[in-house]
Amino acid sequence: MIVERGEDPGSFSAPRDYVSYLRECFRRRCAYCLTPDNRLGGEEGMKVDHFIPESRNKDLRLTWSNLYYSCDVCNNRKSNFPMPKEEQSGKRFVDPCAEDPDHHFRLVKDSATGDFCQVAWLSSPAEYEVKKLQFNRRPFLRDFWRELNAAERSLFSRRSHVLALRSGLDHIDDDATWLLNDCEQSLDRIRELWPFPRDRSAEEMHHE
């Protein structure tokens, strides 16, 4: 999903002054790894990243369109911005405000655990980003995605039990219907937390 920034909220004296506005634009998630900020200390634990770094263009220090909501790790690792020659060969970061990350990244299964906790790339910019931001070498991210897997499996199992129970009833039980609806709503919430689409065709993709 491409981030819809909206209009510049105003003229401020420091990048940090924009953080509350950026938080809502970026759906309370890091612009790059898409981790929800409630796992990172909330707004106080997040950084304001300059997509084009200040070292490259100081005039963009307070430019709304250049400010991104970022976790501390992505912010620090992104500081090593590609040089012009690298950019010419397709090495750059994916801009979530101009292009849909879903077109660049996929989550694939870890062959050892069967969990969707590895990021595969579908483009040269995505490969650059996966390696520079080390998506596949950060235990915090991997553990979060494994938690999502476990929660999803548990809900699928619960839903199957409820369906089996309901199939044995002569009429639709209100409690069973409520439980099924609750399972579906919980599954929807988990699906919203996945950073990228999942794909089982890992052999067609590349990842570290």
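It should be noted that the structure appears before, not after, this text.
Residues numbered from 1 in each chain as written. Predicted model: local features only at pLDDT ≥ 70, side-chain atom pairs only at ≥ 80, totals over all residues. Heavy atoms only, no water.

Novice: When you look at the overall build of the protein chain in this model, what are you seeing that I'm missing?
Specialist: Of the regular secondary structure elements, the protein chain holds six helices and four strands. Its helices and strands in sequence order give the protein chain the pattern α-β-β-α-α-β-β-α-α-α, from N to C terminus. Sorting the 208 residues of the protein chain into buried and exposed places 42% on the buried side. Long-range pairs, those at least 24 residues apart, make up 67% of the contacts in the protein chain between residues at least 6 apart in sequence. (Helix = DSSP H or I, 4+ residues; strand = E, 2+ residues; numbered from the N terminus. Buried < 20%, exposed > 50% of the residue type's maximum accessible area, 1.4 Å probe, protein only. Contact = heavy atoms within 4.5 Å.)

Novice: I would appreciate a short explanation of the side chain of Asn-149 in the present structure.
Specialist: On the secondary structure map, Asn-149 appears in helix H5 (residues 139–167). We classify Asn-149 as buried; its relative accessible area is 5%. If we skip the residues at most four places from it in the chain, Asn-149 touches Asp-115, Phe-116 and Trp-194.

Novice: Sorry if this is basic, but what is going on with helix H4 (residues 124–132) here?
Specialist: Quick reminder: α-helices carry 3.6 residues per turn. Residues three or four places apart thus point the same way. Here H4 has its buried residues at Pro-125, Ala-126, Tyr-128, Glu-129 and Val-130. Looking at the packing, one finds that the buried side of H4 touches helix H3 (84–88), strand E3 (105–109) and strand E4 (116–121). Regarding H4, its N-cap is Ser-123, as a side-chain oxygen of that residue lies 3.2 Å from the backbone nitrogen of Ala-126 further along. Following H4 by one or two positions, Gln-134 has its phi on the positive side, about 55°. (Polar contact = N/O pair within 3.5 Å; in protein donor to acceptor, adjacent residues only side chain to side chain.)

Novice: It is not clear to me how the pairing of strand E2 (residues 67–71) should be interpreted in this structure. Could you clarify?
Specialist: Regular strands have side chains that alternate between both faces of the sheet. The buried fraction of E2 is high, at five of five residues. Here E2 shows two buried faces, one formed by Leu-67, Tyr-69 and Cys-71 and the other by Tyr-68 and Ser-70. Where strand E1 (residues 46–50) meets E2, five bridges bridge the pair, whose relative direction is antiparallel. In the sheet register, Met-46 faces E2, and the bridge partner there is Cys-71. (Pairing = 2+ DSSP bridges.)

Novice: Teacher, can you tell me more about the nonpolar core here?
Specialist: Within soluble globular proteins, side chains that are nonpolar tend to cluster in buried spots. With 44 residues, the main nonpolar core has Phe-26, Tyr-32, Phe-135 and Trp-145 as its most contacted residues. Looking at this core, the elements that each hand over two or more residues are helix H1 (19–25), E1, E2, E3, E4, H4, H5 and helix H6 (174–193). The residues contacting Trp-145, other than those within four sequence positions of it, are Leu-107, Phe-116, Cys-117, Val-119, Phe-135, Trp-194 and Pro-195. (Core = buried A, V, L, I, M, F, W, Y, C linked by side-chain atoms within 4.5 Å.)

Novice: Can you help me understand the environment of Asp-115 in this one?
Specialist: Positionally, Asp-115 belongs in the loop between E3 and E4. Along the sequence, Asp-115 and Asn-149 sit 34 residues apart, while their C-alpha atoms lie 6.3 Å from each other. In contact with Asp-115, not counting residues within four places along its chain, are Val-108, Lys-109, Asp-110, Arg-146, Asn-149 and Arg-153.

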